[in-house]
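Read off the chains here:
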Amino acid sequence: MALLLISSFCAHAQQVILSGLVLDSSKFILAQAHIQTSLKKSAVSDSSGRFQFKVPLGKLNVTISYTGYKKFSQTITVRSDTTLFFFLQSKNEQLDEVLITVDRTLQSDQFETTRMSTNTLSGKEISSIPVLGGEADLIKTIQLLPGVTKGADGTTDLFVRGGAADQNLVMLDGAPIYNTGHLFGFLSVFNPDMLDKVESINGAFPSEYGGRLSSILDVSSKSSMPNRTRLKGNIGLLASRLMIEQPLVKDKLAIWVAGRRTYVDQVIKLTGEELPYFFYDLNAKIMYKPNKRDRMEFTIYEGNDVLDFSRAPRATLRNRNITNSFTLSNSTQTFLWNRNYYNFRTTLSLYRTVFQYSIQSTFADNTLFVKSSIEDVGGKWIIASDSVKKKLSLKAGVEMVRHQVAPNRITTTGGISDILKSGATTPQVATETSAFFQVDGSMIPRIRWSAGARLSSAYVDKTFYINPEPRMAIRYSIDSTTAIKASYSRMAQYLHRVSSAAIAFPTDIWYPVTSRVKPQTADQVALGLQRTFPQQNLFVSIEGYYKWMNDLIGYREGASLLLNTNFENQLVQGKGVAYGLEVLIKKESGKLTGWISYTLAKAERQYDEVNGGQWFLARYDRRHNLAVVMNYELSKRWSVSSIFEFISGSRFTPIIAQYVVPAPSFGGVDLIPIYAPINSVKLADTHRLDVGIKYRTRQYKKLQGEWFAGVYNVYNRAAPIGIVIRPNGDGSFRYEQPGLFGLLPFVSYGFKI
Amino acid sequence: MKTLVNFLLVVVISIFVAACIPDPLPLDDIAKLQPKIVVSSQLVPGGALVVLVTKSVSALEAGWGSDPEELIRKVAITDAEVSITVGDATVPLPNLGTGLYGNINLDLQPNRDYMLKVKSPELGEVHSIAQAKPFIPFRTVQATLYKSRFDSTAIVRYSLQDPVGGNWYMVNIQNFSQTQNINSLLNPRIFTHLLSDSAFNGKIWEEEFKVLFRKYKQGDTVAVTMASISKEYYQFLKARYDRRYSAGAFASEPLNYATNVVGGLGFFNLHVPDSRIFVLE
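As the structure is a computational prediction, the values presented were derived from the model and not from experiment.

Conventions we followed
- Residues numbered from 1 in each chain as written.
- Chains lettered and ligands numbered in written order.
- Predicted model: local features only at pLDDT ≥ 70, side-chain atom pairs only at ≥ 80, totals over all residues.
- Heavy atoms only, no water.
- Helix = DSSP H or I, 4+ residues; strand = E, 2+ residues; numbered from the N terminus.
- Buried < 20%, exposed > 50% of the residue type's maximum accessible area, 1.4 Å probe, protein only.
- Contact = heavy atoms within 4.5 Å.
- Areas by Shrake-Rupley, 256 points an atom, 1.4 Å probe, with all protein chains shown as cover.
- Phe/Tyr/Trp six-rings, centres within 6.5 Å; stacked < 30°, edge-to-face > 60°.
- Polar contact = N/O pair within 3.5 Å; in protein donor to acceptor, adjacent residues only side chain to side chain.
- Pairing = 2+ DSSP bridges.
- 1 Å grid on protein atoms, 1.4 Å probe; cavity = no way out; pocket = protein on both sides within 12 Å on 5 of 7 lines; lining within 4 Å.
- Points joined across faces, edges and corners; volume = space filled by probe spheres on them.
- Nonpolar A, V, L, I, M, F, W, Y, C, P; charged D, E, K, R; others polar.
- Salt bridge = Lys/Arg side-chain N within 4 Å of Asp/Glu carboxyl O.
- Core = buried A, V, L, I, M, F, W, Y, C linked by side-chain atoms within 4.5 Å.
- Arc of directions from axis to C-beta.

Asker: How should the overall build of chain B be read in this particular structure?
Answerer: Of the regular secondary structure elements, chain B holds three helices and 19 strands. Counting across all 281 residues of chain B, residues that qualify as buried make up 46%. Taking contacts inside chain B between residues at least 6 apart in sequence as the whole, the part at least 24 apart equals 65%. Of the roughly 14,100 Å² that chain B leaves accessible, carbon and sulfur atoms contribute 55%.

This is the structure we're talking about:
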């Protein structure tokens, strides 16, 4: 650590100004560093790394902390206005990545700001947690945080604060990702090796974000300029991956390339058999810093799932002319340009994202072709100024995105065309535009506030919608370690996913609002208490929220949306209410890290056309949600991790009776089901224990290795996805609640050069 | 070596998969629905009306593997009083056994209200009102054998003259036998093709369709019947037909079917069919 001291001779009688700049050893600015003095005054460095407060003459101790860096603490004597330069040293991390932020907050770093309802994750946290199949998975980790409920076990759907699964804007480097799951939703599309920082915003939305009601999941790929070549890889049971990080021009130009693929199909191929499924991801990024002011990034992502039975060589399939091919693909291209001026900065981001799938099937003389796609081209421009007269920071900007949607283009021939007719849902082009501003200030020492608004609009189907979205947040500091926060946000959503409320399918399509289907809106208030325990590296948050939603999209009773080209008639719009209490206790550094998350929540819906117009509980209304996530460093080589999860059962509408009518076709009699009132039955509670152990080899060699082994669902308990009826064998039947995943051991090997 | 690798792979994968699948959890406490009277009706070519009166059962008393005959015996209400009233006339429907009540001499008049009443000592009384839509005959109809590389089924070509106004049709194809037992109506092996006149209101409509998923051979005798049905019955049948091809409980929204039986379940419908018999060539 180093300290550079500059004193001015403008001495004041009692109080002097202590200001400073926080940098790392490479002279990179460290914004949002936490500065504390022995006088119980604290501050947070701004986006330029600067801080300032008034102190009395004399001695005082200054402590600066920043995640991933060694804590700096020194006693200094102040005799006059003083400016200090602090150079922090990074901690010596082994295989795991260190999260370095420039202008975003970590979980505890948000304490000094008005930010609340926000969860942050580091690459280390994601990689150290034993999730399904041993694959580090961002979405599975997000599902362990407060306010986030999972859908069916193992899937990537998120239900945030009583919202629906399509109410979360998931972005990779600013580009929306419409389908976040590989392997039919059981593994997320995010390659953990490329992740830099992840922020899940569930409330108190900054005005620059919009487009979804319930959450913003902002995923950023690596953005720290490397100083040497790095190679990192992992071989697991589900997939393997490789990442290379290469500086091209020192401190100016660098490239990252990462790939991930399942290889089980290739292993099976060695035996002469075929497993006609595979997926792959490809990430590439170039970062260019021509000078100290500018930073440009160009990122590409490509991911495909391919299921192709036409490759299977079995003679019986060929004789009956049976082929099935299903392809799912995501691709994004983004360009980001950050430019720093003297006292303001601008950010320009441009992106294109495409999600599409296609199905090609033949059976006997029947054929089925289905294609569906959504393409977004958009951009956002932000101008931000910190420390206007040292009291205010301003941010404003505009955003525009053009959605081109071409869903459910179905072509059928043969007998199947009598069941599923050729046709297409009307393609749409929707343009969303927004303008926003936000002011953050602290006029009174104990109070910080944030006020802003977003004006969003959409033009589609010759219809124009506009929605003002006010945003505000306030923070009251009780003392240097305790703060109360409150917020209000309004969000509007112009795009929705057409899918069954029970479970998402890869064939679910996204569709914009129309002249008949109005935008959904949500208003949310939140009140919370945050406290830090610096000595113990603990961050504690207790937060309550209330959210009410209007024009919420639902579906008519009996609606079948799978490959339905005329689904708009099946949509209904109504209301929703969600409220709850969330507790988070998080320890982010030390030998023991992890968090305890608990949520008590309720979510309800009401549609005039459903359930007789009565209010009912939402499908994924899960009353209690507890997660205990732990990682413990036993030694430099060994660490253990575990997850314990308890979630109240979700809601289901089972068959409770049935009756017989003669069949209109196929002969015999039909058993017509009678369903319980919608979502009236609670499935069994889910609880699960996952454990893992990590062993790092060759720590001080150039090639470092890491074995990670463990067990998912140690005591093999089912996490029910619904209620089915099964025969007992003696003519009677029973209810059952099946689960998808039981005890699953995993092992993986990671290496790094 | 390859055989050994295959064997080991099968063993490992089997162990893996067996270990993966957890035992399902039981579920005991779901509120049960009180049984209700269920009514459904069929018109036999020739003018006979048959009403099937059964009761609803719990979800655990029957399933898709249940024997249809056994199921009918279990749910049939055999001690009901069933009658049809039209105008001032009330015609009792005699008990034909196994929950069937019928009348072979019912002279259906179109656009008249027919009230069906069912009174059960155990479950009380229900009633339903239906009208027979006017008789719409085939303009032309032909059924022939259709042979492809993979299947042998029937293809039906027909045309009709649609009256002005909203009309809905049901075209049924079933195997026909002169010695058909009325009780076998419980297993009629009917294929149903539904049609709405929204695309050809007031015009001549011609089409052909294959009898899907049914196998026929040369010499089989089929009865092709067409009837104009009520909108409500069309929607009832269509809902059942559409859900037949849905991907299961998790892929569609739950639906409690509409009923026109007051106090009960099922559907009472009347229609006057035009029937033709064909020997498939």
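Resuming the write-up.
Asker: Which parts of the structure should I look at to understand the packing of aromatic side chains?
Answerer: Two aromatic rings, taken as a pair, are described by how far apart their centres are and by the angle between their planes. Residue and element names in this part refer to chain A. Under the defined criterion, the tally for this structure stands at 21 aromatic pairs over all chains. Measuring from ring centre to ring centre gives 6.1 Å for Tyr-607 and Phe-616, while their planes differ by 35 degrees; the resulting arrangement is tilted. Look at Tyr-607 and you get buried, because its relative accessible area is 6%. Phe-616 gets classed as buried once you look at its relative accessible area, which sits at 8%.

Asker: Mind showing me how you'd approach the side chain of Asn-168 of chain A here?
Answerer: Residue and element names in this part refer to chain A. By the element assignment, Asn-168 lies in strand β12 (residues 168-172). Asn-168 sits in the buried class, given a relative accessible area of 7%. Within the local environment of Asn-168, its side chain forms a polar contact with the backbone oxygen of Ala-165, the two atoms lying 3.2 Å apart. Reaching out from Asn-168, the side chain makes a polar contact with the side chain of Ser-215 at a distance of 2.8 Å. Filtering out sequence-adjacent residues up to four positions away, Asn-168 remains in contact with Leu-158, Val-160, Arg-212, Ser-214 and Ser-215.

Asker: Just checking my understanding: could you explain the sheet that holds strand β17 (residues 215-221) of chain A for this structure?
Answerer: Remark on secondary structure: sheet strands pair via backbone hydrogen bonds, oriented parallel or antiparallel. Residues and elements named next belong to chain A. Spatially, the five strands line up as an open sheet ordered β9-β16-β17-β12-β13, and their pairing is mixed. On the outer flanks of this sheet lie β9 (118-122) and β13 (175-176), each paired with one strand and no other. Across six bridges, the pairing between strand β16 (residues 195-201) and β17 is antiparallel. Each residue of the ladder has a partner; that of Glu-199, found in β17, is Asp-218.

Asker: When you look at empty space enclosed by the protein in this model, what are you seeing that I'm missing?
Answerer: Taking a probe equal in size to a water molecule and rolling it over the atoms shows the remaining empty space. Residue and element names in this part refer to chain A. Per the stated rule, a full pass over the model turns up 14 cavities of 30 Å³ or more. The wall of the second largest cavity is formed by 15 residues, among which Thr-149, Gly-162, Tyr-545, Ala-601 and Arg-622 lie closest to the centre. For the lining of the second largest cavity, the secondary-structure elements that each account for two or more residues are β10 (148-150) and β37 (592-606). The element best represented in the lining of the second largest cavity is β37, accounting for four residues. Its residues placed into classes, the lining of the second largest cavity shows six nonpolar, five polar and four charged.

Asker: Looking at this model, I keep getting lost on unusual backbone geometry. Mind explaining?
Answerer: As a rule of thumb, non-glycine residues mostly have phi less than zero, and peptide bonds are mostly trans rather than cis. Residues and elements named next belong to chain A. A positive phi angle is found at Asn-679, which is not glycine, with a value near 55 degrees. Looking at the element boundaries, Asn-679 is found in the loop between β43 (669-675) and β44 (681-682). Overall, the relative accessible area of 7% leaves Asn-679 in the buried class. Positive phi, normally seen in glycine, also occurs at Asn-716, with a value near 55 degrees. Take Asn-716: it is sitting in the loop between β46 (704-712) and β47 (724-727).

Asker: It is not clear to me how the pattern of salt bridges should be interpreted in this structure. Could you clarify?
Answerer: Any two side chains of opposite charge can pair, on the condition that their charged atoms come close. All names here are of chain A. Summed over the entire model, instances satisfying the criterion amount to 37 salt bridges over all chains. Among the salt bridges present, the one from Asp-137 reaches Lys-140, with a minimum N-O distance of 3.9 Å. For the pair shown, Asp-137 and Lys-140 are each scored as buried. Linking Glu-706 and Lys-694 is a salt bridge whose minimum nitrogen-to-oxygen distance equals 3.5 Å.

Asker: Can you help me understand the sheet that holds strand β4 (residues 57-58) of chain B in this one?
Answerer: Spatial strand order, β43(A)-β42(A)-β4(B): three strands in an open sheet with antiparallel pairing. Every other strand in the sheet has two partners, leaving β43 of chain A together with β4 of chain B as the edge strands with one partner each. The pairing of strand β42 (residues 655-662) of chain A with β4 of chain B spans two bridges and is antiparallel. Across the sheet, residue Ala-657 of chain A finds its bridge partner in β4 of chain B, namely Ser-58 of chain B.

Asker: Please explain the nonpolar core as it appears in this structure.
Answerer: Considering soluble globular proteins, one finds that nonpolar side chains tend to be buried as a cluster. In this structure, Tyr-659 of chain A together with Val-156, Tyr-158, Ile-173, Tyr-216, Val-222 and Val-224 of chain B are the most contacted members of the largest nonpolar core, which totals 44 residues. In this view, Tyr-158 of chain B contacts Phe-138, Thr-140, Val-141, Val-171, His-193, Leu-195, Trp-205, Glu-206, Glu-207, Phe-209 and Met-226 of chain B; residues no more than four positions away in its chain are not counted. Core analysis: the next-biggest nonpolar cluster, separate from the first, contains 31 residues, Leu-144, Leu-172, Val-219 and Val-629 of chain A among them.

Asker: Just checking my understanding: could you explain the environment of Ile-322 of chain A for this structure?
Answerer: Relative to the assigned elements, Ile-322 of chain A resides in the loop between α4 (315-319) and β23 (323-340). Take Ile-322 of chain A: its relative accessible area is 23%, and that puts it in the partly exposed class.

Asker: Please clarify how helix α2 (residues 68-75) of chain B should be interpreted in this entry.
Answerer: Residues spaced three or four apart along an α-helix point in a common direction, a consequence of the helix completing one turn every 3.6 residues. Those residues of α2 of chain B that sit buried are Leu-71, Ile-72 and Val-75 of chain B. Seen from one end, α2 of chain B has its buried residues packed into an arc of 100 degrees, which puts them on one side. Close packing links the buried residues of α2 of chain B with β42 and β43 of chain A together with β3 (48-55) and β4 of chain B.

Asker: How do you make sense of the pairing of strand β28 (residues 428-444) of chain A when you look at a structure like this?
Answerer: Residue and element names in this part refer to chain A. Strand direction decides the pairing type here: strand β26 (residues 392-413) and β28, joined by 14 bridges, are antiparallel. The partner of Gln-404 across the bridge, within β28, is Val-429. Alignment of β28 against strand β29 (residues 447-460), held across 12 bridges, turns out to be antiparallel. Within β29, the position partnered with Asp-440 by the bridge is Ser-450. Where β28 hands over to β29, the hairpin turn is made up of two residues, counted between the paired strands.

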